[in-house]
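# Descriptive structure summary
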Amino acid sequence: MATDPHAWFDHDRFGMFVHWGLYSLLARHEWVQHREQIDPDEYARYADVFTADRYDPQTWAKLAAEAGMKYVVLTTKHHEGFALWDSALTDFKATNTPFGRDAVAEFVEAVRGAGLKVGFYHSVIDWHHPDFVVDGIHPLREHEDVPGLNAGRDQARYAEYLHGQVRELLTNYGEISYLFYDFSYPGGRGGLPGKGRADWNSEELMRLTRELQPGIVVNDRLDIPGDLVTPEQYQPSGPMRRDGELVRWEACQTINGSWGYDRDNLDAKPVDLLIRMLVDGVSKNGNLLLNVGPNGRGEIDPPDAARLREIGTWMELHSASIYGAGPSELTPPPGAVYTQRGDRLYLHLFSWPMRHVHLTGLAGRVRYAQLLNDASEVAVTESDPHQHAQNTTPGGESVGTVTLTLPVRPPAVAVPVVEIWLTNDEASSKA
Ligand code: GLC
């Protein structure tokens with residue numbers, strides 16, 4: 001039986017997203033050129049001050065590995081159109097700046113060297129390219145003569161350029177495991193037309209992508225179906241479906257709402273929330289792609305680095321409940337979620353209960369239970385449903401329920417987890 005080339009994605013569950021480009025210098029969100037309607041020629045001047053003197057992808061990769069992430073996805077080109085690699089198709093690139101190096105080549109080597117998988121983000125939008133037709137989200141969208149600006153712009157010629165750059169990226173840097181294209185907006189904005197599959201020649205681009213990298217995972221933002229769906233900055237309420245069919249999915253999330261470095265934005269999510277987002281995703285059969293936005297010098301913001309290390313501390317003890325795990329058919333108690341991997345059921349307690357937690361549907365199916373962080377035993381009892389509550393004796397729970405007795409104080413971990421060993425026949429039914 002042919003093995004699924006994308007099985008690694010379902011197993012690994014946790015990746016790092018890296019948004020880095022000229023917008024990191026402006027340090028006020030990766031859409032700054034759009035927001036401030038900066039003319040492309042004026043914006044291009046930032047390339048002259050792109051020194052990135054602290055760019056060290058080894059440190060990025062090491063941090064990702066420490067956090068328990070298994071793949072890293074870099075913005076090779078974002079909407080601003082600046083190429084982080086030595087593209088033969090443009091002068092608007094990292095090798096044409098004071099920095100003067102191929103950042104993608106060094107990134108790929110570092111990530112592979114850390115034993116992680118390499119992914120590329122590539123914007124199909126390009127606000128720098130002279131053939132990219134000005135539309136509803138373009139920085140020049142409010143120019144007094146948009147039709148005049150677009151006279152002579154040839155979107156098909158831009159699509160050739162797009163395909164040419166993708167060919168470079170998928171030919172010159174070895175095996176690429178994930179391609180995150182971004183994004184289509186066929187509906188249009190601000191009374192001006194949008195762009196979709198025809199503007200990118202998407203079917204051909206997808207064919208080219210798979211021809212050059214047969215095992216690659218490709219996302220769903222070319223306005224044609226991909227290998228997964230990519231909810232952004234929200235957590236789905238359950239396993240995701242397309243036309244009723246369960247689909248592979250990955251939530252891409254920021255730490256503070258901005259993908260690119262945003263100096264004055266202090267709206268960072270607390271670490272335990274980031275961990276709960278990861279766990280929540282796995283419990284619904286999804287992955288988490290957690291973003292960092294290095295600053296203009298190429299350094300991951302120290303507070304973000306500290307957050308990733310804290311996630312790593314939790315993953316160090318609890319990754320068994322994440323890697324290779326997925327949803328359970330069982331219904332968790334309130335304030336908790338389940339992830340399951342074969343005969344191991346992981347109860348993630350988002351709120352620590354007073355002494356007891358009751359698990360429905362598990363009577364006769366539990367071999368053993370322990371706190372995952374220190375393997376300390378957790379007592380499991382099956383109460384008699386007819387038991388009357390009397391003083392310190394709790395009343396019986398509904399038929400089929402088991403009760404775990406927990407210590408009063410939660411273990412000193414961001415999200416406490418009870419590992420439940422299910423009976424073998426349970427394992428065989430799950431396998
Ligand atoms: C959205 C944002 C874009 C970001 C991407 C990441 O499309 O507009 O800036 O790179 O999401 O998923």
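My aim in this report is to walk through the structure given alongside it, one point at a time. Predicted model, so just to flag it, every value in this text is computed and none were measured. (Residues numbered from 1 in each chain as written. Predicted model: local features only at pLDDT ≥ 70, side-chain atom pairs only at ≥ 80, totals over all residues. Heavy atoms only, no water.)

## So, the overall build of the chain
Here is the rule: Helix and strand definitions follow DSSP, with helices as H or I runs of at least four residues and strands as E runs of at least two, each counted in order from the N terminus. Surface exposure here means Shrake-Rupley accessible area, sampled with a 1.4 Å probe, where a residue is shielded only by the protein chains that are shown. Within this scheme the basic residues Lys and Arg register as positive and the acidic residues Asp and Glu register as negative, but His and the chain ends are omitted. The location of each charge is read from NZ of Lys, CZ of Arg, CG of Asp or CD of Glu.
Secondary structure assignment for the chain yields 13 helices and 16 strands. By its C-alpha atoms, the chain is 85 × 45 × 40 Å across when sized along the principal axes. As displayed, the chain has an accessible area near 18,200 Å², and 50% of this comes from carbon and sulfur atoms. Between the averaged position of the 39 positive side-chain charges in the chain and that of its 60 negative side-chain charges there is a distance of 3 Å.

## So, the site of the ligand
Note the threshold: Summary of the distance rule: residues count as near a molecule or strand when at least one heavy atom falls within 4 Å of that molecule or strand. We define a polar contact as two N or O atoms separated by no more than 3.5 Å, with the added condition that, inside protein, one atom must be a possible hydrogen donor and the other a possible acceptor, whereas residues neighbouring each other in sequence contribute only through side-chain atom pairs.
Close contacts around the ligand come from 14 residues, with His 19, Glu 30, Trp 31, His 78 and Glu 232 the closest. With respect to the ligand, the side chain of Glu 30 contributes an N or O atom lying 2.7 Å from an oxygen atom. At 2.8 Å from an oxygen atom of the ligand is found a side-chain nitrogen or oxygen belonging to His 78. Protein chains shield 93% of the accessible area of the ligand, which is 310 Å² for the free molecule.

## Some words on the sheet that holds strand β14 (residues 379-381)
Put simply, the rule reads: Here, any two strands with at least 2 DSSP bridges between them count as paired. Lines fitted to C-alpha atoms define the axes here, with helix axes fitted over just the stretch in contact, and angles between the N-to-C directions of these axes take values from 0 to 180 degrees.
Taken in spatial order, the 3 strands line up as β12-β15-β14 in an open sheet, and their pairing is antiparallel. Two strands in the sheet have a free side with no partner beyond their single neighbour: β12 (356-359) and β14. The average undirected angle you get between the axes of adjacent strands in this sheet is 25°.

## Focus: the side chain of Gln 340
On the secondary structure map, Gln 340 appears in strand β10 (residues 336-341). Among the polar contacts made by the side chain of Gln 340, one reaches the side chain of Ser 328 at a distance of 3.0 Å. From its side chain, Gln 340 meets the backbone oxygen of Gly 342 in a polar contact 3.0 Å long.

## Observations regarding the pairing of strand β4 (residues 178-182)
Heads up, the condition is: Burial classification: accessible surface area is computed with a 1.4 Å probe over protein chains only, and a residue below 20% of its type maximum counts as buried, one above 50% as exposed, and the rest as partly exposed.
For β4, the buried fraction is high: 5 of the 5 residues fall into the buried class. Of the two faces of β4, the one holding Tyr 178, Phe 180 and Asp 182 and the one holding Leu 179 and Tyr 181 are both buried throughout. With 5 bridges joining them, strand β3 (residues 117-123) and β4 adopt parallel strand pairing. Residue pairing across strands places His 122 opposite Tyr 181, the latter belonging to β4. Alignment of β4 against strand β5 (residues 217-218), held across 2 bridges, turns out to be parallel. Opposite Tyr 178, over in β5, you have Val 217 as the bridge partner.

## Some thoughts on the pattern of salt bridges
Filter applied, for reference: Should a side-chain nitrogen of Lys or Arg be within 4 Å of a carboxyl oxygen of Asp or Glu, the pair is scored as a salt bridge.
According to the stated counting rule, one finds 25 salt bridges in the structure shown. Close ionic contact of Arg 309 with Glu 66 constitutes a salt bridge, the shortest N to O distance being 3.4 Å. Linking Arg 309 in helix α12 (residues 302-318) with Glu 66 in helix α5 (residues 57-67), this pair joins segments that are 243 residues apart in sequence. Residue classification places Arg 309 among the partly exposed positions, given a relative accessible area of 44%. Judged by its relative accessible area of 32%, Glu 66 falls in the partly exposed class. Asp 131 serves as the salt-bridge partner of Arg 157, at 2.8 Å between the closest nitrogen and oxygen. With Arg 157 in helix α8 (residues 155-171) and Asp 131 in the loop between β3 and α7 (146-150), this residue pair connects regions lying 26 residues apart in the sequence. By sharing partners, the salt bridges in this structure join Asp 343, Arg 344, Arg 367 and Glu 419 into a single network.

## With respect to the packing of α5 against helix α6 (residues 103-113)
Put simply, the test is: Put simply, a crossing is left-handed when the front helix is turned counterclockwise from the back one by less than a right angle, and right-handed when it is turned clockwise. Contacts were defined at the residue level, with two residues in contact if any of their heavy atoms lie within 4.5 Å. Classification used: nonpolar for Ala, Val, Leu, Ile, Met, Phe, Trp, Tyr, Cys and Pro, charged for Asp, Glu, Lys and Arg, polar for all others including Gly.
Running from N to C, α5 and α6 point in directions that differ by 35°, and their axes come no closer than 8 Å. Where α5 crosses over α6, the two elements pack in a sense that is right-handed. Where α5 approaches α6, its residues Pro 57, Gln 58, Trp 60 and Ala 61 are matched on the opposing element by Glu 106, Phe 107, Ala 110 and Val 111. Looking at the contact of α5 with α6 residue by residue, the classes come out as 6 nonpolar, 1 polar and 1 charged.

## Re the nonpolar core
Just so we agree on the cut-off: By convention a nonpolar core is built from buried Ala, Val, Leu, Ile, Met, Phe, Trp, Tyr and Cys residues, the set being connected through side-chain atoms within 4.5 Å.
Of all hydrophobic cores here, the largest spans 91 residues; its most connected members are Phe 107 and Phe 120. Element by element, the count of residues in this core is highest for helix α11 (residues 271-283), at 7 residues. Sequence-distant contacts of Phe 120, defined by excluding residues within four places in its chain, comprise Val 73, Leu 74, Thr 76, Val 104, Phe 107, Val 108, Leu 169, Tyr 173, Ile 176, Tyr 178, Leu 179 and Phe 180. Counting residues in hydrophobic clusters, the runner-up holds 19 residues, among them Leu 359, Val 366, Val 378 and Val 418.

## Quick look at the side chain of Asn 256
Among the secondary structure elements, Asn 256 is positioned in the loop between β8 (249-253) and α11. At a separation of 2.9 Å, a polar atom in the side chain of Asn 256 contacts the main-chain amide nitrogen of Ser 258. In this view, Asn 256 contacts Asp 262, Asn 265, Asp 267, Ala 268 and Lys 269; residues no more than four positions away in its chain are not counted.

## Things to note about the environment of Glu 30
Tracing the sequence through the fold places Glu 30 in the loop between α2 (23-26) and α3 (32-35). For Glu 30, a relative accessible area of 4% puts it in the buried group. The sequence separation of Glu 30 and Gly 364 amounts to 334 residues, and the corresponding C-alpha distance is 54 Å. Ignoring any residue separated from it by four or fewer positions in sequence, one finds Glu 30 in contact with Tyr 23, His 78, Ser 258, Trp 259 and Gly 260. A polar side-chain atom of Glu 30 sits 3.4 Å from a polar atom in the side chain of His 29. A distance of 2.9 Å separates a polar side-chain atom of Glu 30 from the backbone nitrogen of Gly 260.

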